[in-house]
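Chains, contacts and geometry: an overview
Residue-level listing of the chains:
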Amino acid sequence: MSEHDETLRKALQENARLRSEREESLREVASSEYSGHLRTAERIYWAYAIFCVAVGVAAVNFFARSFDTKTLIGCAVAMLVIYETTVLLKLWFHMARMKMAVLKEMKLLRLELARLATAVGMEKSSEPPIKYEPVRAGSSWERGLWVAACVTVAIAVSTWTARAWQLGGSRDFSADTLVTLAADGSAEKRTQMSASYSSYYLPRGFPFYTPEDVNARFLDPLGHEMPVDVVVNSGQKRYDVRFTDNVFVDGKMQYTQVLTIPDAAAFENGNWIYQDGIRHAGGDKEYSTTILLPAGAELVSTEPTAEVDAADGRTQVRFKGVARDDVQYFFTVRYKLPSKEE
């Protein structure tokens, strides 16, 4: 072999090496480009998944709480739309993955065909085609972070909606009581109850206990008496009250209990003394107790300090505030009645 032939052979080998390095660089660029596009598509999918989780959990909580037909239909439609769009987004992501993989393989095949064409006629046989490598999207740790984000958002939204809509029971409770005292010491105690309720446990009624000489009635918001079963045992009455449909109004459970109490106030040392109390369990609850004194009565003192004003020529005393959980509160009113001569 002449020196010229040797130089030509070396030049061809160098050219083949450079071409091979260039083709390898092109393959790497093509793979990284399509992998980048697929990572972007996967991140879009996970971001929308988090949005669907948040909306879906809120819709489920609201669906479980509401008794309004329109609200139930709206929540059901929202849940169905969220589910269907999630399925469609999964389909879109798999199609995007397939598209990126096909485009990458076509580009690599074109590069391989060009390399084989230049290898024809060379002493060294052409190398086999490159091995198939799938298009890589997000890494395993990134997918783990996305899954953790979905779980965190689901827990946060569920907790927030449960607190905002008070799904755990009757936390939003208020009692407004009016006690009308008569000159003979008897009283009518009318208490308006209002509380939220949960569809996880819809109350159907409640038991109520009074002394045997106390009569009780229970009224719904329309003023109709609710059905009651009365059992007298050992000087005590038990009322088994059953709620009517009218009790549940605008997401609230509302009713009025009316007690007729003989000898509610006691006469001691020239003064009439009326005592009442309140105690709640299950959380802090607002209360308001108004005591309307008999006509012409003169207020002597209150324990604790209360608001005092007049209505229709009668003095009324109002105790109001927040009753702490499982704490007993007592209210005492002392008053004088005018003498018979007066």
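Residues numbered from 1 in each chain as written. Predicted model: local features only at pLDDT ≥ 70, side-chain atom pairs only at ≥ 80, totals over all residues. Heavy atoms only, no water.

A few words now on the side chain of threonine 256. Following the sequence through the fold, threonine 256 ends up in strand β8 (residues 252-261). Setting aside residues up to four positions removed in sequence, threonine 256 forms contacts with Arg190, Thr191, Gln192, Arg217, Phe218 and Leu219. (Helix = DSSP H or I, 4+ residues; strand = E, 2+ residues; numbered from the N terminus. Contact = heavy atoms within 4.5 Å.)

A cluster of like negative charges, contributed by Asp184, Glu212, Asp213 and Asp263, occupies part of the molecular surface. Examined against the element boundaries, glutamate 212 turns out to sit in the loop between β3 (205-211) and β4 (215-219). Exposure remark for glutamate 212: the relative accessible area of 42% places this residue in the partly exposed category. (Patch = residues over 30% accessible without salt bridge, like charges linked within 9 Å, V, L, I, M, F, W, Y side chains within 5 Å. Areas by Shrake-Rupley, 256 points an atom, 1.4 Å probe, with all protein chains shown as cover. Salt bridge = Lys/Arg side-chain N within 4 Å of Asp/Glu carboxyl O. Lys, Arg positive; Asp, Glu negative; His and termini not counted. Charge placed at Lys NZ, Arg CZ, Asp CG, Glu CD. Buried < 20%, exposed > 50% of the residue type's maximum accessible area, 1.4 Å probe, protein only.)

Within the largest apolar cluster, 40 residues are counted, with the highest numbers of intra-cluster contacts made by Leu181, Phe218, Phe243, Ile291, Phe319 and Tyr335. Counting residues in hydrophobic clusters, the runner-up holds eleven residues, among them Leu38, Tyr45, Leu89 and Met100. (Core = buried A, V, L, I, M, F, W, Y, C linked by side-chain atoms within 4.5 Å.)

Within this structure, the stated rule accounts for seven salt bridges. Here aspartate 240 ties to arginine 238 by a salt bridge, and the two come within 2.8 Å at their closest N and O atoms. Among the residues examined, aspartate 240 registers a relative accessible area of 23% and is labelled partly exposed. A relative accessible area of 35% means that arginine 238 is categorised as partly exposed. Measuring nitrogen to oxygen at the nearest pair gives 3.6 Å for the salt bridge that ties arginine 318 to glutamate 307. Of this pair, arginine 318 sits in strand β14 (residues 314-323) while glutamate 307 sits in strand β13 (residues 307-311), and the two are eleven residues apart along the sequence.

Now for a nonpolar patch on the surface. A surface patch of nonpolar side chains, about 380 Å² in accessible area, is lined by Met98, Val102, Leu103 and Met106. Here methionine 106 is to be found in helix α2 (residues 69-119).

The strand order across the open sheet formed by four strands is β9-β10-β15-β12, and the pairing between neighbours is antiparallel. Sheet topology places β9 (265-268) and β12 (298-303) at the edges, where each strand pairs with a single neighbour. The mean inter-strand angle of the sheet, taken between neighbouring strand axes irrespective of direction, is 25 degrees. Where strand β10 (residues 271-278) and strand β15 (residues 329-336) come together, seven bridges link them in antiparallel fashion. Note on β15: the bridge partner recorded for isoleucine 278 is tyrosine 329. (Pairing = 2+ DSSP bridges. Axes fitted to C-alpha atoms, helices over the stretch in contact; angles between N-to-C directions.)

Our next topic: the packing of aromatic side chains. The tally for this structure, following the rule as stated, stands at 14 aromatic pairs. Ring centres of phenylalanine 243 and phenylalanine 248 lie 6.1 Å apart, and the angle between their planes is 80 degrees; on these two criteria the pair is classed as edge-to-face. A centroid spacing of 5.6 Å and a plane angle of 45 degrees characterise the contact between phenylalanine 243 and tyrosine 255, whose relative ring orientation is tilted. One end of the pair, phenylalanine 243, is in the loop between β6 (236-242) and β7 (248-249); the other, tyrosine 255, is in strand β8, with twelve residues separating them in the sequence. Like phenylalanine 243, the residue tyrosine 255 is buried in the burial classification. Three or more aromatic residues joined by ring pairs make a cluster, and in this case those are Phe206, Phe208, Phe218, Tyr239, Phe243, Phe248 and Tyr255. (Phe/Tyr/Trp six-rings, centres within 6.5 Å; stacked < 30°, edge-to-face > 60°.)

A word on the sheet that holds β6. Taken together, the three strands give an open sheet; going across it, the order is β3-β6-β5, and neighbouring strands pair in antiparallel fashion. Each edge of the open sheet is held by one strand with a lone partner, namely β3 and β5 (228-233). Across the sheet, the axes of successive neighbouring strands diverge by a mean angle of 20 degrees, strand direction being ignored. When β3 meets β6, the two strands line up antiparallel, connected through seven bridges.

Most of strand β11 (residues 285-292) sits out of view: seven of its eight residues are buried. Across seven bridges, the pairing between strand β1 (residues 173-181) and β11 is parallel. Paired with valine 179 across the strands is isoleucine 291, a residue of β11. One ladder, built from eight bridges, connects β11 with β14; its direction is antiparallel. Opposite serine 288, over in β14, you have lysine 320 as the bridge partner.

The subject of this paragraph is the confidence of the model for the protein chain. Segments scoring low in pLDDT should not have their predicted coordinates read at a detailed level. Looking at the protein chain as a whole, its pLDDT mean stands at 76, while 73% of the residues score no less than 70. Ranking the elements of the protein chain by mean pLDDT puts helix α1 (residues 3-65) last, at 68, and β4 first, at 92. For the stretch residues 121-129, pLDDT sits under 50, and the model shows nine contacts to residues farther than four places along the chain or on other chains. Taken together, the stretch residues 166-170 has pLDDT below 50 and engages in 15 contacts with residues farther than four places along the chain or on a different chain. (pLDDT = per-residue confidence, 0-100.)

Bringing unusual backbone geometry into the picture now. In this structure, proline 304 follows glutamate 303 across a cis peptide bond, with omega equal to -5 degrees. With respect to the helices, strands and loops of the structure, proline 304 is situated in the loop between β12 and β13. You will see that aspartate 263, though not glycine, has its phi angle at about 55 degrees, which is positive. Counting through the fold element by element, aspartate 263 comes out in the loop between β8 and β9. One non-glycine residue, asparagine 269, lies in positive phi territory at about 55 degrees. Structurally, asparagine 269 can be placed in the loop between β9 and β10.

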